[in-house]
Amino acid sequence: MPKRVEHRKVQRGAHAGIASSNNKLDFGEYGLQILDRGWLTANQIEAARVAATRHMQRRGQIWLRVFPDKPYSKKPLETRMGKGKGAPEGWVAVVRPGNMIIELSGCPETVAKEALARAASKLPFRCRFLARQHAAV
């Protein structure tokens, strides 16, 4: 959840197109890239983070590349239509194909691959494992 936002309730918005930024490995050696579009909730991001860090057993470093900064609202159960927009329910991050979700470094590739596979199993999207290509000098 962000510290403060300009508007308490926002419109749903569009998530068409592909990611134009946050689509390359910028920090770590290995990364998890999203192949679908939609909303990633704060709980899903946290579950993926916990799954990856537990498998790594505090070896290496982890970077979360998405932040849930969009509030979504929901009307109470068994409420009739109308009477305005519902109260804010939670926070989501809008993701598009190509967005990096998690990056890792400081661990062997086998450990990173398994850690990111466990993180991907917590997400409702198809994901791809990426490794940095080292240029032969």
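Before any of the text, the structure's been laid out above.
**Q** Looking at this model, I keep getting lost on the sheet that holds strand β4 (residues 70–74). Mind explaining?
**A** Note: strands within a sheet are paired through backbone hydrogen bonds, in either parallel or antiparallel orientation. Taken together, the 3 strands give an open sheet; going across it, the order is β2-β5-β4, and neighbouring strands pair in antiparallel fashion. Each end of this open sheet is capped by a strand with a single partner; those strands are β2 (38–41) and β4. For this sheet, the mean inter-axis angle between neighbouring strands, taken without regard to orientation, is 55 degrees. Sheet topology places β2 next to strand β5 (residues 87–95); 4 bridges connect them, and they run antiparallel. Residue pairing across strands places T41 opposite V92, the latter belonging to β5. Across the sheet, helix α1 (residues 42–56) touches β2 and β5, and the angle it forms with β2 is around 65 degrees.

**Q** Would you mind going over the environment of V5 with me for this structure?
**A** Note that V5 resides in the segment before β1 (30–34). Separated by 61 residues in sequence, V5 and V66 place their C-alpha atoms 17 Å apart.

**Q** Honestly, the pattern of salt bridges in this entry has me stumped. Any pointers?
**A** Side chains that differ in sign of charge can pair as their charged atoms come close. According to the stated counting rule, one finds 5 salt bridges in the structure shown. Of the charged contacts in the structure, one is a salt bridge between R126 and D36, with a shortest N-O distance of 2.9 Å. One end of the pair, R126, is in the loop between α2 (109–121) and β7 (127–131); the other, D36, is in the loop between β1 and β2, with 90 residues separating them in the sequence. Between E103 and R65 there is a salt bridge, with the nearest N and O atoms lying 2.3 Å from each other. Remark: R65 occurs in the loop between β3 (61–64) and β4 and E103 occurs in strand β6 (residues 100–105); sequence separation between them is 38 residues. No difference in accessibility class separates E103 from R65, as the two residues are buried. Salt bridges sharing common partners tie together D26, R65 and E103.

The rules behind these values
Residue positions within a chain follow its written sequence, with the count starting from 1. At least 70 in pLDDT is required for a residue's local features to be given in this predicted model, at least 80 for side-chain atom pairs to be given and counted, and no such filter applies to totals for whole chains, interfaces and linings, which use all residues. Excluding hydrogens and water, the side-chain figures rest on all heavy atoms present in the structure. Think of it this way: DSSP has to see at least two bridges between two strands before they count as a pair. Elements are defined by DSSP. Helices are runs of H or I of four residues or more, strands are runs of E of two residues or more, and each kind is numbered from the N terminus. In this analysis an axis means a line fitted to C-alpha atoms, helices contributing only their contacting stretch, and an angle means the value between N-to-C directions, from 0 to 180 degrees. For this analysis, residues touch if any pair of their heavy atoms sits within 4.5 Å. Within this document, salt bridges are pairs made up of a side-chain nitrogen of Lys or Arg and a carboxyl oxygen of Asp or Glu, the two lying within 4 Å of each other. Using a 1.4 Å probe on the protein chains alone, a residue whose accessible area is under 20% of its type maximum counts as buried, one over 50% counts as exposed, and one in between counts as partly exposed.

Keep in mind that these numbers describe shape and distance, not what the molecule does.
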